Amino acid sequence: MSQYTQIIVEKSDGIATITLNRPEKMNAYTRTMGEEIIAAMDDIDADDAVRAVIFTGSGEKAFCAGADLTPEGGGQVFSSGDTVDTLSDPRVRDGGGLLTLRLFESRKPLISACNGVAVGVGATMQLAMDIRLASSTARYGFVFARRGIVPEAASSWFLPRIVGISQALEWCYTGRIFDAEEARAGGLVRSVHAPDDLLHAAQSLAREIAENTSAISVAMTRAMMWRLAAADHPMEAHKIDSRAIYRLSRGADAKEGIASFLEKRAPMYPGKVSADMPDFYPWWDERPYE
């Protein structure tokens, strides 16, 4: 997708920045926005020049104020208005979940720079991102119980893994809005910044990754951490990290990592995520919706 209408995508110095861009609607989420983010992620994953991705919102008020309650073209809010014969019908699938599942599959590290209100899907989409930073003006809300629905975007899987089951349940049971400091204390965000410093902090973190690490190592680490944390035994992690160390230790990036350390210089890793991932990657089967 070459022309985006509800997001802005910028690439510079190894960093892609995706800005949710409906400021007149506080960046409220639509199906079009979700499709555009997914298309942007497809492009970014295929671009070896991009080493990290930052997400933020346009304007000063909101990251994303949740689903647009006046959806495009009218129709039902939150889900398809179509009648289906089986709940396995693809039309049943939650749009926020389609987005977070795509973010989960990313080969690049994802950083959220939450610059304001983030409620509903505006909060849950950030759960599939790896590191979350917040402006002191950020406000979060898992408000689903106050709208008569349930947490979406696969957040019942993501949120307890990030903040623990009790904190996740409290925020979802009450559906209340809470501030950035509570988000930090609860483990949802890594750090809180003055509004003018937020994007700079996210960029500094992204540059640290881009300038010092192997893209292949980072892509493998992301997949291992997200997938193996849910394994039923550490042997599953041992299998994968053993195979990864065996393969990568013989590769050009490992040679460069050792040489640059010994020579006390910045590394120049040659490996490309698009072409040089280990031969057993991916080690999992794609999960169907059924």
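Owing to the predicted nature of the structure, the values given are computational and were not obtained by experimental measurement.

Chemist: Quick question: what am I supposed to make of the pattern of salt bridges here?
Modeler: For side chains bearing opposite charge, pairing can occur when the charged atoms are close. The final tally for this structure, using the stated rule, is 15 salt bridges. In this structure, the salt-bridge partner of Lys-11 is Asp-47, at a minimum N-O distance of 2.9 Å. Here Lys-11 is found in strand E1 (residues 7–12), whereas its partner Asp-47 is found in the loop between helix H1 (31–45) and strand E3 (52–57), with 36 residues between them in sequence. Relative accessible area serves as the criterion here: at 39%, Lys-11 is assigned to the partly exposed category. Between Glu-170 and Arg-176 there is a salt bridge whose closest N-O contact spans 2.8 Å. Of the residues examined, Glu-170 reaches a relative accessible area of 36% and is grouped as partly exposed. Within this structure, Lys-11, Asp-43 and Asp-47 form a network of salt bridges that share partners.

Chemist: Would you take a moment to explain the pairing of E1 for this structure?
Modeler: Successive residues of a regular strand alternate their side chains across the two faces of the sheet. Where E1 meets strand E2 (residues 15–20), 6 bridges bridge the pair, whose relative direction is antiparallel. Bridge pairing links Glu-10 to Thr-17 in E2. Between E1 and E2, which pair antiparallel one after the other, the connecting turn spans 2 residues, and Asp-13 there sits at a positive phi close to 50°.

Chemist: What exactly am I supposed to notice about the nonpolar core here?
Modeler: Nonpolar side chains tend to gather and get buried jointly when the protein is soluble and globular. With 46 residues, the main nonpolar core has Phe-55, Tyr-140, Phe-142 and Leu-188 as its most contacted residues. The element that contributes the greatest number of residues to this core is H1, accounting for 6 residues. Apart from the residues lying within four places of it in its own chain, the contact partners of Phe-142 are Ala-123, Thr-124, Leu-127, Leu-159, Trp-171, Cys-172, Gly-175, Arg-176, Phe-178 and Leu-188. Counting residues in each nonpolar core, the second largest holds 14 residues, with Ile-216, Met-220, Phe-280 and Tyr-281 among its members.

Chemist: Hey, could you run me through the packing of aromatic side chains in this one?
Modeler: Each aromatic ring pair is described using two quantities: the centre-to-centre distance and the angle formed by the ring planes. Overall, the coordinates contain 14 aromatic pairs when judged by the stated rule. Look at Phe-104 and Trp-226: their rings are 6.1 Å apart centre to centre, the planes differ by 70°, and that puts the pair in the edge-to-face class. In this pair, Phe-104 sits in helix H2 (residues 95–104) while Trp-226 sits in helix H8 (residues 215–228), placing the two residues 122 residues apart along the sequence. Pair check on accessibility: Phe-104 and Trp-226 agree, each one buried.

Chemist: What's the story with H1 in this structure? I'm lost.
Modeler: In an α-helix, one turn spans 3.6 residues, which is why side chains three or four residues apart end up on the same side. Here H1 contains 15 residues, and its C-alpha end-to-end distance of 21 Å stays within 8% of the 21 Å for a straight helix at 1.5 Å per residue. Every buried residue of H1 is accounted for by Met-33, Gly-34, Glu-36, Ile-37, Ala-39, Ala-40, Met-41, Ile-44 and Asp-45. Contact partners of the buried residues in H1: E1, E2, E3, H2 and strand E5 (110–114).

Chemist: I'm lost on the pairing of E2 in this one. Help?
Modeler: Counting buried positions along E2 gives 6 out of 6 residues, so the element sits mostly inside the fold. Burial along E2 is two-sided: the residues Ile-15, Thr-17 and Thr-19 and Ala-16, Ile-18 and Leu-20 are all buried. In the sheet, E2 pairs with E3 via 6 bridges, with the strands oriented parallel. Note on E3: the bridge partner recorded for Leu-20 is Gly-57. A crossover connection joins E2 to the parallel E3 through H1; in handedness this β-α-β unit is right-handed.

Parameters and conventions
Along every chain, residues carry numbers that run from 1 in the direction the sequence is written. With the structure being a predicted model, the display of local features is reserved for residues of pLDDT at least 70 and the display and counting of side-chain atom pairs for 80 or more, all residues being used for whole-chain, interface and lining totals. The basis for every side-chain value is the complete set of heavy atoms in the structure, and neither hydrogens nor water enter the calculation. A pair is scored as a salt bridge if a Lys or Arg side-chain nitrogen falls within 4 Å of a carboxyl oxygen belonging to Asp or Glu. Note on conventions: DSSP H or I runs of at least 4 residues are helices, E runs of at least 2 residues are strands, and numbering of each starts at the N terminus. Using a 1.4 Å probe on the protein chains alone, a residue whose accessible area is under 20% of its type maximum counts as buried, one over 50% counts as exposed, and one in between counts as partly exposed. A pair of strands is treated as paired once DSSP finds two or more bridges between them. Residue types Ala, Val, Leu, Ile, Met, Phe, Trp, Tyr and Cys, when buried and joined through side-chain atoms within 4.5 Å, form a set referred to as a nonpolar core. In this description, contact between two residues means that some pair of their heavy atoms is separated by no more than 4.5 Å. Side-chain rings of Phe, Tyr and Trp, where Trp is taken by its six-membered ring, are said to pair if the distance between their centres is within 6.5 Å; with planes under 30 degrees apart they count as stacked, over 60 as edge-to-face, and otherwise as tilted. Multiplying 1.5 Å by the helix residue count minus one yields the expected span of that helix. Note on handedness: a crossover is taken as right-handed if, strands pointing away from the viewer, the path from the first strand over the helix to the second is clockwise.

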